[in-house]
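Topology and contacts: notes
As a plain string of letters, each chain reads:
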Amino acid sequence: MGKIAVKVDNVGMKFNLSSNKVDNLKEYFVRFVKRNIMYKEFWALRNVSFTIEKGDRVAIIGSNGAGKSTILKIIAGVLKPTEGSVKSYGKIVPLLELGAGFDPQYTGAENIYLYGAILGYKKDFIDEKFNKIVKFSELGDFINVPVKNYSSGMKARLGFSIATVVEPEILILDEVLSVGDVKFRKKSLRKVNRMMSSGVTVLFVSHSMNQIRKVCNKAIVLEQGGLKFYGDLEEAITIYEDENTARKGQKDNEKGNNVRNI
């Protein structure tokens, strides 16, 4: 066994979902004070354990709601698990919800410093890398325009350019190679490939099996918040696709039964 990059031990993540419809903030506080808010427990993840070795490039696949983005956020430190623990060994760069930390009133240039600070970059470092970030983002004069006027693709491009200006040891990607136009997607993938050639560990969520095959050598399959499989990439993709086929067949049968019962 090689050196460990990430160790996930018996992780569970519980969310409390309100089962009451609350129309406004005032009503929420009235109900909260009266202890009249009912919650329904929802476990997004339960009893999930795996170990990722340094240099591995691991896809995390599963249907919507399987817990893919949740486990990435826990590993990145964005969420604290309800149960279990996560240990990482090396500098993590999380590319999650690119541009989510931007202030819409600030220009792109101002947000480079703001977003960079959120990612833990020092001002001197951003000063040094500023031109490189702007050039990679291809925003040109738009870098001096408030971000509220950006398209979602422009925000993602700027977010990707800021986040990848460092050399990470662990890179976390959540659908980020699907943003922007085709040209920028190819450019982003080339940059990620350059990072991977230096031995960086990758955790990658994508619905594109073609992208996963280009990036990853192993895969984790999550199903309804639990770990179903971890290992060979092609075996994982087969398990995931068989599961999707079975689910689609079940839905088609239910639809057919409903039609017959009308």
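Below you will find a few notes about this structure. (Residues numbered from 1 in each chain as written. Predicted model: local features only at pLDDT ≥ 70, side-chain atom pairs only at ≥ 80, totals over all residues. Heavy atoms only, no water.)

Considering the overall build of the protein
When helices and strands are tallied, the protein shows eight helices and nine strands. Burial statistics for the protein: of 262 residues in total, 42% are counted as buried. Summing over all exposed atoms, the protein offers an accessible surface of approximately 14500 Å²; the carbon and sulfur share of this is 50%. (Helix = DSSP H or I, 4+ residues; strand = E, 2+ residues; numbered from the N terminus. Buried < 20%, exposed > 50% of the residue type's maximum accessible area, 1.4 Å probe, protein only. Areas by Shrake-Rupley, 256 points an atom, 1.4 Å probe, with all protein chains shown as cover.)

Focus: helix α3 (residues 108-118)
Looking only at α3, the buried set comprises Gly-108, Ala-109, Asn-111, Ile-112, Tyr-115 and Gly-116. Each buried residue of α3 sits inside an arc of 155 degrees when the element is viewed along its axis, so together they form one side. Taken together, the buried residues of α3 touch α4 (123-137) and α5 (152-163). Gly-120, located one to two residues past α3, shows a positive phi value of around 95 degrees. (Arc of directions from axis to C-beta. Contact = heavy atoms within 4.5 Å.)

Regarding the packing of aromatic side chains
Enumeration according to the criterion identifies seven aromatic pairs in this entry. Residues Phe-136 and Phe-184 carry aromatic rings whose centres are separated by 5.8 Å and whose planes lie at 70 degrees to one another, so their mutual orientation is edge-to-face. Of this pair, Phe-136 sits in helix α4 while Phe-184 sits in helix α6 (residues 182-197); the two residues are 48 residues apart in sequence, bridging distant segments of the chain. Linked through ring pairs, Phe-136, Phe-160 and Phe-184 together constitute an aromatic cluster. Positioned above the aromatic ring of Phe-184, the side-chain terminus of Arg-157 is 5.7 Å from the ring centre. Directly above the aromatic system of Phe-136 lies the positively charged group of Lys-187, at a separation of 4.4 Å from the ring centroid. (Phe/Tyr/Trp six-rings, centres within 6.5 Å; stacked < 30°, edge-to-face > 60°. Lys NZ or Arg CZ within 6 Å of the ring centre and 35° of its normal.)

Re a positive patch on the surface
Among the surface-exposed residues, Lys-132, Lys-186, Arg-190, Arg-194 and Lys-214 lie close enough to one another that they form a single positively charged patch. For the positive patch, the leading source of residues is α6, giving three residues. As for its position among the elements, Lys-186 is in helix α6. Note on Lys-186: relative accessible area 53%, which makes it exposed. (Patch = residues over 30% accessible without salt bridge, like charges linked within 9 Å, V, L, I, M, F, W, Y side chains within 5 Å. Salt bridge = Lys/Arg side-chain N within 4 Å of Asp/Glu carboxyl O. Lys, Arg positive; Asp, Glu negative; His and termini not counted. Charge placed at Lys NZ, Arg CZ, Asp CG, Glu CD.)

Comments concerning the packing of α4 against α5
As a packed pair, α4 and α5 sit with axes 8 Å apart at the nearest point and diverge in direction by 140 degrees. Classified by the angle their axes make, α4 and α5 are oblique. Seen along the crossing, α4 lies across α5 with a hand that is right-handed. For the pair α4 and α5, contact is made by Ile-133, Phe-136 and Ser-137 and by Arg-157, Leu-158, Phe-160, Ser-161 and Ile-162, respectively. A per-class count over the contact of α4 with α5 returns five nonpolar, two polar and one charged. (Axes fitted to C-alpha atoms, helices over the stretch in contact; angles between N-to-C directions. Parallel < 35°, antiparallel > 145°, perpendicular 65-115°, else oblique. Left-handed = near helix turned anticlockwise from the far one by under 90°. Nonpolar A, V, L, I, M, F, W, Y, C, P; charged D, E, K, R; others polar.)

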